[in-house]
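Remarks on the overall topology
As a plain string of letters, each chain reads:
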Amino acid sequence: MALISYDDTDAAAFAGTREVPRGGLERWRHAVQQHLRPRTGSTVLDVGAGTGAWAAAFTDWFGLRVVGVEPAGAMRARAAHRPLLAGDAVALPLRDSTVDGAWLSTVVHHVADLDAAARELRRVLRAGAPVLIRSPFPGRHHRIELFRWFPEAVRVLDTYPDLARVRAVFAAAGFTVSTVEPVAQTTAASLAEYAECLDRRAHTPLQLITDEEYAAGLARLRAAADTATGPVVDHLDLLVLR
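These numbers were taken from a predicted model, which means no experiment stands behind them.

Most often, soluble globular proteins have nonpolar side chains that are buried together. Counting residues in hydrophobic clusters, the biggest one holds 44 residues, and the most contacted among them are Phe58, Phe150 and Leu221. Examining the composition of this core, we find that six residues originate from one element, helix H3 (residues 53–62), more than from any other. Setting aside its immediate chain neighbours within four residues, Phe58 contacts Val32, Val44, Gly63, Leu64, Val66 and Trp103. If you look at the next biggest cluster of nonpolar residues, it comprises 30 residues, including Leu45, Val47, Ala89 and Leu163.

Quick look at the structure:
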């Protein structure tokens, strides 16, 4: 499923540095509430759930039952959230028409067969239930801090499915209505904190650039962090399909 294989080291890096503190996610909480319209007792599917941070957040925020599906055993082993099932987007281990919404966070670029994944989501979702996709998309990276300091990583991003491609694939699977909006998150309290916490192993675009490109970007970031003020605010897209 993945562009990179998440082993124990990668999973530890992901858990340690990619899970944005809840306080920085208030705008995501609002956006999800607006589009998912959660009701207590509803079931939401988290595809590519990783270490379960979003599944746990949705449970706490909305009182939902969240079923996570994650292919990497190392990720599942670090997750406290349950249920978290082994599986991937093209073969979801759920019955037909059993979930009230689906969430995919920074995962579509890991899906080998996006067409099959869209059909699988259509199968397991109840009629009218939405798919919410949180992702960077090619050409829409300009307010994501990572790409400011590591511009070479944009060439990796450019291999991801773009917005038009994802919309077309899901439309073919029956999700004919879609909207997209950028949503802000406070990723770090300062650029110095961002630089200190950055771990190459937790970011697909950084793993797939050269060592020399990574070292140059890290040097730029650390130099800027010495004088920068204010929090690091990233904007990722939320694509909603029904």
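Right, let's talk about H3 for a bit. Listed as buried for H3 are Trp54, Ala55, Ala57, Phe58, Trp61 and Phe62. Considered in projection along H3, the buried side chains sweep an arc of 160° and stay on one side of the axis. Packed against the buried residues of H3 are helix H2 (26–36), strand E1 (43–47), strand E2 (65–70), strand E4 (102–105) and strand E5 (131–135). Gly63 sits one or two positions beyond H3 and adopts a positive phi of about 70°.

Our next topic: the packing of aromatic side chains. Overall, the coordinates contain eleven aromatic pairs when judged by the stated rule. Relative to Trp103, the ring of Trp28 has its centre 6.0 Å away and its plane inclined at 80°; by these criteria the two rings are edge-to-face. You can see Trp28 sitting in helix H2 and its partner Trp103 sitting in strand E4, a full 75 residues away along the chain. A single burial state applies to Trp28 and to Trp103, both of which are buried. Its end group placed over the ring of Phe175, Arg122 keeps NZ or CZ at 4.5 Å from the ring centre. Between Arg134 and the ring centre of Trp28, over which it is positioned, the NZ or CZ distance is 5.2 Å.

This part takes up the pattern of salt bridges. Applying the stated rule across the entire model yields eleven salt bridges. Here Asp115 and Arg165 are joined by a salt bridge, their closest N and O atoms 3.1 Å apart. Residue Asp115 is found in helix H5 (residues 114–124), and its partner Arg165 is found in helix H8 (residues 163–172); the two are separated by 50 residues along the sequence. Since its relative accessible area comes to 29%, Asp115 is described here as partly exposed. Judged by its relative accessible area of 40%, Arg165 is partly exposed. The salt bridge partner of Arg155 is Glu213, with a shortest N-O separation of 2.7 Å.

So, how was this worked out
Residues numbered from 1 in each chain as written. Predicted model: local features only at pLDDT ≥ 70, side-chain atom pairs only at ≥ 80, totals over all residues. Heavy atoms only, no water. Core = buried A, V, L, I, M, F, W, Y, C linked by side-chain atoms within 4.5 Å. Buried < 20%, exposed > 50% of the residue type's maximum accessible area, 1.4 Å probe, protein only. Helix = DSSP H or I, 4+ residues; strand = E, 2+ residues; numbered from the N terminus. Contact = heavy atoms within 4.5 Å. Arc of directions from axis to C-beta. Phe/Tyr/Trp six-rings, centres within 6.5 Å; stacked < 30°, edge-to-face > 60°. Lys NZ or Arg CZ within 6 Å of the ring centre and 35° of its normal. Salt bridge = Lys/Arg side-chain N within 4 Å of Asp/Glu carboxyl O.

The values are spatial; any link to function lies outside them.
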